[in-house]
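Each chain, written out:
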Amino acid sequence: KFAHVYRIPVFGSSQKSFGQSLHVTFQRILEQHLERARVVQTSLFDAPNRKESMPSGTFCVTDEEAWQIFQDAWIDEWYKDQYEQEKMFQAGKQAVKVFCEECRGQVPDVLELEKEFVLVLGSHSMKGKIDRVDKLSNGHVAILDYKTGHKRTTLELEDKEQLYLYQLAMEHRGFVVDRLAYLYVLDHETVEVDPMTEEKREAFVERITDRMDELLGSDFSPKPDAVSCRYCDFRSICEFRKV
């Protein structure tokens, strides 16, 4: 309500700066890989004696190139001091290194990056953007979302809703979703979420539709908790805050 009805402006934050830096870095790394992979693939149909520096099936970005992409994408704003910025910069550098190592270990077959969508549910609609969609060997797809915070020990239903919305968006476009996953880039861990079955999908759509109805009716019942309130942009003016 504060953000979208009252439209109260907010300051930036170090978490947002860091998250944006890594999201842009991963996007540009994979875009460069895809561009070079297409060139290699095209060259297979050229002269038979032509030699390629990067054979087909290779991850086509070096560590040095990835490091430069990260440096160019780095946002140095909103950190409380130089120590915090340097600490997060080094954490980001390590995250990029591990990301490239994993891409070399299993070269991703990327279908889409930062794909915007409009999801229509009955009389409602919402906009969103998916970090990454990979093609699977069976022709289905995997949806991957980067998380620049630390891994949660357990994922509650609400923690999975973001991926469930992405699943609906891709299914509405005619894709079959076989995999959903959060990639926690600081902890270098992947947390899998089971895609919705038909029964769960119907219940989820009903729950989201009801929530949209509540929003239209300006029903913004507060649901504070210590973790959410800690990172909320409006914690200083919210009477329901728990921090």
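Reading the values: rules and limits
Each chain has its residues counted from 1, running along the sequence as written. Two thresholds apply to this predicted model, a pLDDT of at least 70 for residue-level local features and 80 or more for giving and counting side-chain atom pairs, whereas whole-chain, interface and lining totals are computed over all residues. Computation of side-chain values covers all heavy atoms of the structure but excludes hydrogens and water. Counting from the N terminus, the helices are DSSP H or I runs at least four residues long and the strands are E runs at least two residues long. Relative accessibility decides the category of a residue: with a 1.4 Å probe and only protein chains considered, values under 20% of the type maximum give buried, values over 50% give exposed, and everything between is partly exposed. Ring pairs shown here join Phe, Tyr and Trp side chains whose ring centres sit within 6.5 Å, with only the six-membered ring taken for Trp; geometry is labelled stacked below 30 degrees between planes, edge-to-face above 60, and tilted in between. Strands were regarded as paired on the criterion that DSSP finds at least two bridges between them. A fitted line through C-alpha atoms represents every axis, and for helices the fit uses only the stretch in contact; the resulting angles, taken between N-to-C directions, go from 0 to 180 degrees. Any pair of residues with heavy atoms lying within 4.5 Å of one another is described as a contacting pair. By the criterion used throughout, a crossover qualifies as right-handed when its path from the first strand across the helix to the second strand runs clockwise, the strands pointing away from the viewer. In this analysis, a patch consists of residues with relative accessible area above 30% that form no salt bridge, clustered at 9 Å for like charges and at 5 Å for the nonpolar side chains Val, Leu, Ile, Met, Phe, Trp and Tyr. Every accessible area reported is derived by Shrake-Rupley at a probe size of 1.4 Å, with residue values counting cover from the shown protein chains alone. When a carboxyl oxygen of Asp or Glu is within 4 Å of a side-chain nitrogen of Lys or Arg, the pair counts as a salt bridge. Counted charges follow a simple rule, with Lys and Arg positive, Asp and Glu negative, and His plus the chain ends left uncounted. In this description, the location of a charge corresponds to atom NZ of lysine, CZ of arginine, CG of aspartate or CD of glutamate. What is meant by a nonpolar core is a set of buried Ala, Val, Leu, Ile, Met, Phe, Trp, Tyr and Cys residues, joined one to another through side-chain atoms within 4.5 Å.

Take unusual backbone geometry next. One non-glycine residue with positive phi stands out, namely W78, at about 75 degrees. Structurally, W78 can be placed in the loop between α2 (63-73) and α3 (82-105). A positive phi angle, close to 50 degrees, is found at E114, a residue other than glycine. Classification of E114 as buried rests on a relative accessible area of 17%.

Tallied over the entire structure, the rule returns 16 aromatic pairs. On the basis of an interplanar angle of 50 degrees and a centroid distance of 5.3 Å, the ring pair of F2 and F234 is categorised as tilted. Here F2, found in the segment before α1 (14-43), pairs with F234, found in the segment after α6 (226-230); they are 232 residues apart in sequence, far enough to count as distant. Relative accessible area serves as the criterion here: at 25%, F2 is assigned to the partly exposed category.

Our next topic: the sheet that holds strand β5 (residues 189-193). Spatial strand order, β1-β2-β3-β4-β5: 5 strands in an open sheet with mixed pairing. With one partner strand each, in any of the chains shown, β1 (110-121) and β5 form the two edges of the open sheet. In this sheet, adjacent strand axes meet at a mean angle of 40 degrees when their direction is disregarded. Where β1 and strand β2 (residues 124-135) come together, 10 bridges link them in antiparallel fashion. Residue pairing across strands places L121 opposite H124, the latter belonging to β2. Here helix α5 (residues 198-216) sits on the sheet and contacts β1 and β2; the angle it forms with β2, its principal contact strand, is near 140 degrees.

Right, let's talk about the pairing of strand β4 (residues 177-184) for a bit. Successive residues of a regular strand alternate their side chains across the two faces of the sheet. Where burial is concerned, most of β4 is hidden: 6 out of the 8 residues are buried. Bridge analysis of strand β3 (residues 141-147) against β4 gives 7 bridges, and the strand direction is parallel. Along β4, the bridge assignment pairs A142 with R179. The parallel pair β3 and β4, bridged by helix α4 (residues 157-172), forms a crossover whose chirality is right-handed.

Taken together, the side chains of E206, D210, D213, E214 and D219 define an acidic patch exposed on the protein surface. As for its placement among the helices and strands, E206 is situated in helix α5. For E206, a relative accessible area of 54% gives the class exposed.

Quick look at the nonpolar core now. By size, the foremost hydrophobic cluster in this structure holds 28 residues, and its most contacted members are L22, I29, L30 and V96. For this core, the elements supplying multiple residues, two or more each, are α1, α2, α3, β1, β3 and β4. It is α3 that provides the largest number of residues to this core, a total of 7 residues. Among residues more than four places away in sequence, those in contact with V96 are L22, T25, F26, I29, A66 and F70. By size, the runner-up hydrophobic cluster in this structure holds 25 residues, among which are V133, L163, L165 and V193.

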